[in-house]
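Residue-level structural notes
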Amino acid sequence: MASVKKKLWENNGTFSSNDGIRASSLNFEKGQRTIHLQKGNGFKRKTQTHPSFNDSFEGELQAFLIDEDALHTYDDLTKVNPVTPTTVLKCLQARYRAKVFYTQAGCTLVALNPFQPVPHLYTLDVMREYHCATQPQEFKPHIFVAAEEAYRNVQGQVEPANQSLVVSGESGAGKTWTSRCLMKYYATVAASSSSQKCQDTVERIEKRVLDSNPIMEAFGNACTLRNHNSSRFGKYIQLQLNRSQLLVGASIQTYLLEKTRVAFQAANERNFHIFYQMVKGATEEQRHKWRMSCDRWFNWLPNADKTLEEDCFEETTDAMTNMGITKEKQEQIFQILAGLLHLGNVSFCPPTDESQPCDLQEQSKDFLQSTAELLQMPQEQLLSCLRLRALKAGKQSVLLKPCSLAECTVRRDCLAKVIYAHVFDWLVAFINNSICADTSSWCNFIGVLDVYGFECFALNNLEQLCINYANEKLQQHFVAHYLKAQQEEYVSEGLEWSFIKYQDNQSCLDLIEGSPTCIFSLLNEDCRLNRASDAKQFKARLEKELSDNACMSWDKFSEQPHFTVSHYAGNVCYQIEGMMEKNKDPVPVELIHMLQESQDPLLQGLFTHHDMEMNSSRGHGKVVTVVSKFKNSLESLMKILHSTTPHYTRCIKPNPECQPLTFKKEEVIVQLQACGIVETINISAAGFPIRIPYPSFLQRYGLIVNSRMCRQSLNGNGPEADKDILSPTVADVLSVVLRSHPLETPSASETESHSSLVHCGKTKVFLTHYMLELLESQRDRVRSQRAFCIQCCWRRHYRRKQEARRRAVVRIQAAVRAWLIRREVLQWHEAANLIQKTWRKWRTAMEALAETELDDAVDVKEAPVYDPAVRESGSVQLSTCPEPVTVRAWPLGLALASAPSITVAMTASGFQKVMSLMACLKLSFRSGDYKVETNQFEQGVASIRAQPQESIKLHLQRSPLLYADICPGSKGDGVTGFNQILLENII
């Protein structure tokens, strides 16, 4: 932003910290200098009269020009002070010497043709640098700056609008190259997408859009005296963008192809590039097929030995292939073009008998045969159509009249022109079908206009008149859109403005196309008359009807009929001879019928609907002339330009010889004066380039103040809101912005500083670029603050929501854990109750059993009879009993712990059981105190006559208790487990 301020308040430029915005106009006759100061609420006119103004002005001019080393640093000519043709010319010359070829001149970009390749200016890295820049205007002037500005304006700051880049200039000034760079730029920056499918589609469209250039240049450009690659047709290319600003398609509209160049080339000029590409780039097989040997010479191919960069046949064929034109279709096109070259070598000689048709020259017979074979039509029919014309009486042909020698030549040329024009139109239609997107898939477009430049040759005819007329229309569009309309708008909106004079070419346009009488109307009227054209008679009529127009003049001493038109770029003398015939552009019906009967499928298809077009044009009762069709197409173009936001690029030709880095002042100054560069600079320096209606201004910048009135005015009244309602809100917005950005101009008053940046008119707000940047900066700041507030509120809401969720989760977890613990505790209680119940039941049973068994062991006195099964299960022999007493398993511990003098006899099945029992009792088989004997294998009764010295633990394989490992308690005597349970009441 600081750099922008520096540009605005630089003292050595047009802007002054003390005077605000200043525009100067000079009046050398009166010795006055009028300075336009923007102060207060508008502009004031201040006239300074100097006794010796010329001396003071020369001194100021010399002071500016004395530092020549600094002249090339002026990127924008609005900073030049004073603004004169001399200072502008000197700055451009200094920048051209420093190899700086682009300079900003207010709203216009001036491009000087270097006439040599400068590849480092147009690389992909440079394109990305300008495209990714936040403020491309702060970069050095470049064609990419204008391209990027148009690209960003498609989705504009205030109102999205279609854009047009108007590239104008003389022939050879570099318009075609500039248009090519623009298309390459848009194809590069508008081709990025995250979707692979969309990326492939965009790349395909990008490649086809770029491949259309070499095709159109090969078939529509030619080498002229002023330019090696001169466009001989006008074209307006619409680059179609979708809502994401991606390139989805394109369309090409062409205007007035110079088809006469096929059959006529001026001295030191060439035919269309495609013919030379075929001759120099064809293979041997193609040469043989086209009958074009290396030593063959063609009348319509002059200067064939001159080699140009554009003579690249392979590049053209590759582009046609990428465009989708098949090899078969390409061969058909080139075969037709080869036939036209052979047709140019067909010539006639006067007949010996005037009643007979013209004779064909001997050397032309082979060319006629080759032409008929290449165009696939009968040779006799072709010769008959060239030499005889049909005369009709009523609805039937009555005779064939021989043509004169001149008529034969005209019919031959007419055949070549109509074929080439139809081939060119077919190519344009094919390209449009290949690259044009559906209407529903795109919403905006950027148009690139490349038309033929202003031309003035030694001999000028209808082609030059139409070309210069197109340039006059474009100049008028620039004048009406910028120089004239802008100043008139300042006055209508209430700004105090003193008009800056400029060259208006409206009188010249009235001479060419005005009503009721003009050059075009007289030409059309003469062509509608069924009579032979007379150049002298037409000149006399021009003198009679248009002698009052100051733009028309004649050379009374010239023998040739002519007229001179004073164009904005200079005077051009036009030859009247042949102008009416070219305007009629008649095509004999027999030629069309012959082409429709051709065996070539492409040639036959080109003229299938030609009869319908001719009948429809005749149905209106008037002849459709060349100038009528061209005028209608040009008017449709101007409607498109008026509906878009234009961006002007003025291409300047530094020297007429096309020499690299050669700057001729007299050549450049004429072009600067013709296109009104100086006036453009003055108006740009003194005016407001940005004008926004109140509703649109508040719709975009009303959020800065966030006023209720702003919302009500927009929502309630809409775009038709009253100025009295909107004006205070607009003033509030501007005051907030200006208070937030104090200007670095302490010497200037606040009112003067603010009025130099913005002015409120009756219905619009007038802004400078710097003020627009301030508004955008403030708007971004307010949006950032509000976005931050929204983010804070959202984060607070999100954190609160997250905290509520966390608390809910904690409650749920606590409830689940409590339920699980309660369920587990209940299970524990149930288990404990079961253990207690089972334990009580078991204890009661054991007490009863122990009591019973002890009672039985004491009372047994008699020797019972023992059953073998009882003896097998186990027995205990007491000392008082001669026979072992049957004892169950559980009182064994009691028996061992009671009397030390008893003998215990136990029987167990199997050796493993015996050893397990002994191991559990922890008794050895032999000891000094007792002996253990076993009666397992009928060896007697085992007895133990000793009291155990330690506690006895009895381990069973299956316990009657579910929780046998839980001990009721422990005592100091060391007796635990079941022994404690069984013996607690005995020991």
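Residues numbered from 1 in each chain as written. Predicted model: local features only at pLDDT ≥ 70, side-chain atom pairs only at ≥ 80, totals over all residues. Heavy atoms only, no water.

**Side note on the overall build of the chain**
Note the cut-off: Going along the chain from the N terminus, every DSSP run of H or I of four or more residues is numbered as a helix, and every run of E of two or more is numbered as a strand. Only protein chains enter the accessibility calculation, which uses a 1.4 Å probe. A residue is then buried if its area is under 20% of the maximum for its type, exposed if over 50%, and partly exposed in between. Reported accessibility uses the Shrake-Rupley method at a 1.4 Å probe radius. Residues are deemed covered only where the shown protein chains occlude them.
The number of helices and strands found in the chain is 34 helices and 22 strands. In the chain, buried positions account for 49% of the 987 residues. Entry remark: accessible area of the chain is about 49,800 Å², with carbon and sulfur atoms responsible for 52%.

**Brief notes about the pairing of strand β10 (residues 247–255)**
Inclusion rule: One requirement defines pairing of two strands: DSSP has to find at least two bridges between them.
The buried count for β10 comes to 7 of 9 residues, which makes it a mostly enclosed element. Relative to β10, strand β9 (residues 234–241) is paired through 8 bridges, and the arrangement is antiparallel. Of the residues in β10, the one forming a bridge with K235 is T254. Hairpin geometry of β9 and β10 is characterised by an intervening segment of 5 residues between the two adjacent antiparallel strands and by a positive phi of about 60 degrees at Q245.

**Some thoughts on the nonpolar core**
For soluble globular proteins, the rule of thumb is that nonpolar side chains tend to be buried together. Quick reminder of the rule: Throughout, nonpolar core names a set of buried Ala, Val, Leu, Ile, Met, Phe, Trp, Tyr and Cys residues whose side chains join them through atoms within 4.5 Å. Contacts are assigned to residue pairs that have any heavy atoms within 4.5 Å of one another.
Formed by 134 residues in total, the largest nonpolar core has its most connected members in F219, I274, F334, L337, I419 and Y420. Residues in contact with I274, not counting those within four places in the same chain, are A218, F219, T316, F334, L337 and Y420. Of all hydrophobic cores here, the second largest spans 62 residues; its members include L509, L522, V572 and F688.

**Examining the sheet that holds strand β16 (residues 552–553)**
Using the following cut-off: Axis definition: a line fit to C-alpha positions, over the contact stretch in the case of helices; interaxial angles, taken between N-to-C directions, run 0 to 180 degrees.
Strand order in this open sheet of 3 strands is β16-β17-β18, and the pairing throughout is antiparallel. What marks the edges here is a single partner per strand, and that holds for β16 and β18 (570–575). As paired elements, β16 and strand β17 (residues 562–567) share 2 bridges and run antiparallel to each other. Each bridged residue has a counterpart across the sheet, and for M552 the counterpart in β17 is V565. Lying over the sheet, helix α15 (residues 462–492) contacts β17 and β18, oriented at roughly 150 degrees with respect to β18. Packing of helix α16 (residues 506–513) onto the sheet brings it into contact with β16 and β17, and relative to β17 it is tilted by some 145 degrees.

**Here we look at the side chain of H562**
Rules: Nitrogen and oxygen atoms within 3.5 Å of one another constitute a polar contact, given that in protein one can donate a hydrogen and the other can accept it, and given that sequence-neighbouring residues count only through two side-chain atoms.
Among the secondary structure elements, H562 is positioned in strand β17. Only 3.0 Å separates the side chain of H562 from the backbone oxygen of Q560, close enough to count as a polar contact. When neighbours within four sequence positions are excluded, H562 is seen to be in contact with K539, W554, D555, C573, Y574, Q575 and I576.

**Details of the packing of aromatic side chains**
Condition: Only rings of Phe, Tyr and Trp enter the pairing, Trp through its six-membered ring, and a pair is recorded when the two centres are within 6.5 Å. The plane angle decides the type: under 30 degrees is stacked, over 60 is edge-to-face, the rest tilted. The criterion is that NZ of a Lys, or CZ of an Arg, lies within 6 Å of the ring centre and within 35 degrees of the ring normal, and then a charge sits over that ring.
Here the structure, examined in full by the defined rule, presents 24 aromatic pairs. Here Y130 and F139 contribute two aromatic rings whose centre-to-centre distance is 5.3 Å and whose plane-to-plane angle is 50 degrees, an arrangement assigned as tilted. By relative accessible area, which is 7% here, Y130 ends up buried. F139 gets classed as partly exposed once you look at its relative accessible area, which sits at 31%. An aromatic cluster is present here, built from Y122, Y130, F139, F144, Y151, W177, Y185 and Y186 joined pairwise through their rings. Stacked on the ring of Y276, the Lys or Arg R270 has its end atom at 3.9 Å from the ring centre.

**Regarding the state of the cysteines**
Using the following cut-off: Here, two cysteine sulfur atoms that lie within 2.5 Å of each other are counted as a disulfide.
This structure, assessed with the given rule, holds 0 disulfides. As a non-bridged cysteine, C658 has C223 as the owner of its nearest cysteine sulfur, 8.9 Å distant.

**Thoughts on the pattern of salt bridges**
The criterion, for reference: Here, a salt bridge means any Lys or Arg side-chain nitrogen found within 4 Å of an Asp or Glu carboxyl oxygen.
The final tally for this structure, using the stated rule, is 28 salt bridges. Between E217 and R180 there is a salt bridge, with the nearest N and O atoms lying 2.9 Å from each other. Of this pair, E217 sits in helix α7 (residues 196–220) while R180 sits in helix α6 (residues 175–189), and the two are 37 residues apart along the sequence. Using a relative accessible area of 9% as the deciding quantity, one classes E217 as buried. Of the charged contacts in the structure, one is a salt bridge between E657 and K664, with a shortest N-O distance of 3.1 Å. A relative accessible area of 41% means that E657 is categorised as partly exposed. Taken together, the shared-partner salt bridges in this structure form one network comprising R232, E258, R261, E269 and E455.

**Overview of the confidence of the model for the chain**
Definition in use: Confidence scores per residue from the predictor, reported as pLDDT, run from 0 to 100.
Put simply, the chain has an average pLDDT of 77, and 72% of its residues get 70 or more. Per-element confidence in the chain is highest for helix α11 (residues 327–344), whose mean pLDDT is 95, and lowest for helix α1 (residues 2–8), whose mean pLDDT is 34. Low pLDDT, under 50, characterises residues 1–54; the predicted model gives this stretch 137 contacts beyond four residues in sequence or across chains. This model gives residues 858–863 a pLDDT under 50, and the stretch forms 3 contacts once residues within four places in sequence are excluded.

**Regarding the packing of helix α12 (residues 365–375) against helix α13 (residues 379–387)**
For any two helices packed against each other, the geometry is given by the interaxial angle and the distance between the axes. Cut-off, in case you're wondering: Orientation is classified from the angle alone, with under 35 degrees giving roughly parallel, over 145 giving roughly antiparallel, 65 to 115 giving roughly perpendicular, and any other angle giving oblique. In this scheme, a crossing is called left-handed if the near helix is turned counterclockwise away from the far one by less than a right angle; it is called right-handed if the turn is clockwise. Residue classes follow a fixed rule: Ala, Val, Leu, Ile, Met, Phe, Trp, Tyr, Cys and Pro count as nonpolar, while Asp, Glu, Lys and Arg count as charged, and any other residue, Gly among them, counts as polar.
Packing of α12 against α13 brings their axes to within 9 Å, and their N-to-C directions diverge by 110 degrees. On the basis of the axis angle, α12 is roughly perpendicular to α13. In this structure, the crossing between α12 and α13 has a hand that is right-handed. For the pair α12 and α13, contact is made by K365, L368, Q369, T371 and A372 and by Q379, L382, L383 and L386, respectively. Here the contact of α12 with α13 is composed, by residue class, of 5 nonpolar, 3 polar and 1 charged.

**Considering the sheet that holds strand β19 (residues 645–652)**
Spatially, 7 strands are ordered β4-β5-β19-β6-β15-β9-β10 in an open sheet, and the strand pairing comes out mixed. At either margin of the open sheet sits one strand with a lone partner, and together these are β4 (102–105) and β10. Going from strand to strand, the sheet's axes swing by 20 degrees on average, the running direction of each strand aside. Sheet analysis places β9 next to strand β15 (residues 444–450), joined by 7 bridges and oriented antiparallel. Across the sheet, residue L241 finds its bridge partner in β15, namely N444.

**Side note on unusual backbone geometry**
Cis geometry is adopted by the peptide bond preceding P516, which originates at S515 and carries an omega value of 5 degrees. Note on placement: P516 falls in the loop between α16 and α17 (519–528). In the Ramachandran plot, C658 falls in the positive-phi region, its phi being about 60 degrees despite a non-glycine side chain. Along the chain, C658 turns up in the loop between β19 and α24 (665–675). Unlike most non-glycine residues, L661 shows phi in positive territory, near 55 degrees. Along the chain, L661 turns up in the loop between β19 and α24. Among the residues examined, L661 registers a relative accessible area of 34% and is labelled partly exposed.

**Section: helix α4 (residues 124–132)**
Along an α-helix, a turn takes 3.6 residues, which lines up residues three or four apart on a common side. Applicable threshold: In this description, one arc is meant: the one made by directions from the helix axis to the C-beta atoms.
Residues of α4 that are buried: V126, M127 and Y130. For α4, the arc enclosing every buried residue in end-on projection is 100 degrees, short of the 170-degree limit, so these residues lie on one face. Exposed side of α4, more than 90 degrees from the buried face: D125 and C132 are the residues found there. Here the buried face of α4 lies against α5 (143–154) and α6.

**Observations concerning helix α25 (residues 677–686)**
The element α25 is extensively covered by neighbouring structure, given that 9 of its 10 residues are classed as buried. Among the residues making up α25, those that are buried are I677, V678, T680, I681, N682, I683, S684, A685 and A686.

**A short note on a nonpolar patch on the surface**
The following threshold applies: Patch membership requires over 30% relative accessible area and the absence of a salt bridge. Like charges are linked within 9 Å, and nonpolar side chains (Val, Leu, Ile, Met, Phe, Trp, Tyr) within 5 Å.
A surface patch of nonpolar side chains, amounting to about 380 Å² of accessible area, comprises I812, V816, W819 and L820. By the secondary structure assignment, I812 is in helix α30 (residues 769–859). For I812, a relative accessible area of 54% puts it in the exposed group.

**Some remarks on the environment of M127**
In this fold, M127 is placed in helix α4. Overall, the relative accessible area of 2% leaves M127 in the buried class. In the structure, M127 is positioned 59 residues away from Y186 in sequence and 9.4 Å away in space, judged by C-alpha atoms. Those residues in contact with M127 that lie beyond four places of it in its chain are Y122, F144, K184, Y185 and T188.

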